[in-house]
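The chain contents come next:
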Amino acid sequence: MININYLQTNVDISKLSNFKTKAFAKLYFEVKSRQDVDKLKEIFDFAKKEKLKVLFIWWGTNLLFAFDMFEWIVIKNCLQWWTYDKKTKILEAYTSEKIRDIAKSLEDDYGQDIWHRFIGLPWTIGWAVVGNAGCFWLETEWNFLEAEVLNLYNYDITILQKNEINFSYRNSIFKEKEGYFIIKVKFDLNEKVEKYSSEVDNIDFRENKQPKWNSGGSFFKNPSKELSAWKAIEEVWLKWYNHNWVLFSPLHANFLINTKLNWDWRDLIYMIDLAKTKVKDRFSIDLEPEVRIITN
Ligand SMILES: Cc1cc2nc3c(=O)[nH]c(=O)nc-3n(C[C@H](O)[C@H](O)[C@H](O)COP(=O)(O)OP(=O)(O)OC[C@H]3O[C@@H](n4cnc5c(N)ncnc54)[C@H](O)[C@@H]3O)c2cc1C
């Protein structure tokens, strides 16, 4: 069945998700260069013909692998390189660059502190655009200019401008319509815009107030303004409960953490289902995961 020789087979992808559960991919490809972007067209044709699903991964901080062997194709985006023009204050970056590294270097090497609040955050700059990610009221959309994308329907490489991205709170066109492979993004860092100012020391917050173990950040969406997910989990006495070294963190009860490497995904699913059932029984509320659970 496999007729594309650069697809690797039966690859261990356990380290590609922040939860580090033991997982393999039947077919695997890393995008490391512009030439590799061209190969995606061929891979997508192949996937369509063979009716195979495709999963993109950046740094896997938002993915929980709930399978032993992923039967379809995993594509890891490894495109890295960025540049900042001190005169024009334009930043250009391939999407697998980590936002915390860029934010830190902008400050240390260029005296540009607009993205100070992004220091310490674990995700990629690609995700920042997809999820309009934000931190203490500093949102990605404010300085965004354009994105270079591969359209997976017609294989055109095009530039999408800000008004085509439909940013809203933690949302964009990329979340609503999966049809693009995002290659590169551009930002104009001339002006600092934020919804509200914040005095929170984000570096101290990330270092000392968030759990350090393998996690996907906040696991469930907050059910309502009145009831946050961490509160609901605490109220049903799941804080401190430990199932085979998988637990909701005592530091922040909405962080599902896996305290050992290569643990069985079934233990994480057990805890997720337990939390959902207990919260439903107590509050008649359905907890919805924010983390993307990947199944076959
Ligand atoms: C400790 C911690 C704290 C966090 N705090 C915050 C916070 O304060 N604010 C906030 O907004 N978020 C927060 N998050 C969530 C954060 O936004 C995510 O983890 C982010 O969703 C994923 O980043 P990633 O770059 O690792 O992408 P991945 O998890 O690898 O992928 C995320 C999604 O993007 C898709 N994707 C991958 N590559 C591409 C591509 N080239 N083109 C199109 N789609 C692609 C994937 O299929 C997947 O659906 C936190 C997470 C952690 C672990």
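Before any of the text, the structure's been laid out above.
Residue positions are given per chain, counted from 1 along the sequence in the order it is written. With pLDDT at 70 or above as the cut-off, local features in this predicted model cover only qualifying residues; side-chain atom pairs require 80 or more to be listed or tallied, and sums for whole chains, interfaces and linings still use all residues. By convention in this description, side-chain values take in all heavy atoms of the structure and omit both hydrogens and water.

Caption draft 1: How the structure looks around the environment of Ala229. Note on placement: Ala229 falls in helix H6 (residues 229-235). The spatial distance from the C-alpha of Ala229 to the C-alpha of Gly120 is 23 Å, given a sequence separation of 109 residues. Note on contacts: a residue pair is in contact if any heavy atoms of the two residues lie within 4.5 Å. If we skip the residues at most four places from it in the chain, Ala229 touches Phe220, Lys221, Asn222, Pro223, Asn254 and Leu287. Helix numbers and strand numbers start at the N terminus; a helix is a DSSP run of H or I with at least 4 residues, a strand a run of E with at least 2.

Caption draft 2: Looking closely at the site of the ligand. Nearness of a residue to a molecule or strand requires only that one of the residue's heavy atoms be within 4 Å of it. Taken together, 27 residues lie near the ligand, and Phe56, Gly60, Thr61, Thr124 and Arg292 sit nearest. Polar contacts, as counted here, are pairs of nitrogen or oxygen atoms within 3.5 Å of one another; within protein the pair requires one atom able to donate a hydrogen and one able to accept it, and residues that are adjacent in sequence qualify only if both atoms are side-chain atoms. Contacts to the ligand include Trp58, whose backbone N or O atom sits 2.8 Å from an oxygen atom. Per-residue accessibility takes into account occlusion by the displayed protein chains alone, with areas from the Shrake-Rupley method and a 1.4 Å probe. Relative to its unbound accessible surface of 980 Å², the ligand loses 88% to contact with the protein. Of all the elements in the fold, those that place two or more residues in the shell around the ligand are strand S3 (54-57) and strand S12 (180-188). Broken down by element, the shell around the ligand gets its largest block of residues, 3 residues, from S12.

Caption draft 3: Representation of the pattern of salt bridges. Salt bridges are counted wherever a side-chain nitrogen of Lys or Arg sits within 4 Å of a carboxyl oxygen of Asp or Glu. Under the counting rule described, the total for this entry stands at 18 salt bridges. Close ionic contact of Arg34 with Glu148 constitutes a salt bridge, the shortest N to O distance being 2.6 Å. In this pair, Arg34 sits in helix H1 (residues 34-50) while Glu148 sits in strand S10 (residues 144-151), placing the two residues 114 residues apart along the sequence. Relative accessible area decides the class of each residue, using a 1.4 Å probe on protein chains only: under 20% of the type maximum gives buried, over 50% gives exposed, and in between gives partly exposed. Look at Arg34 and you get partly exposed, because its relative accessible area is 31%. A salt bridge links Asp68 to Arg266; the shortest N-O distance between them is 2.6 Å. Here Asp68 is found in the loop between strand S4 (63-65) and strand S5 (69-77), whereas its partner Arg266 is found in helix H7 (residues 265-283), with 198 residues between them in sequence. Overall, Asp68 belongs to the partly exposed group, its relative accessible area being 41%. Of the residues examined, Arg266 reaches a relative accessible area of 38% and is grouped as partly exposed.

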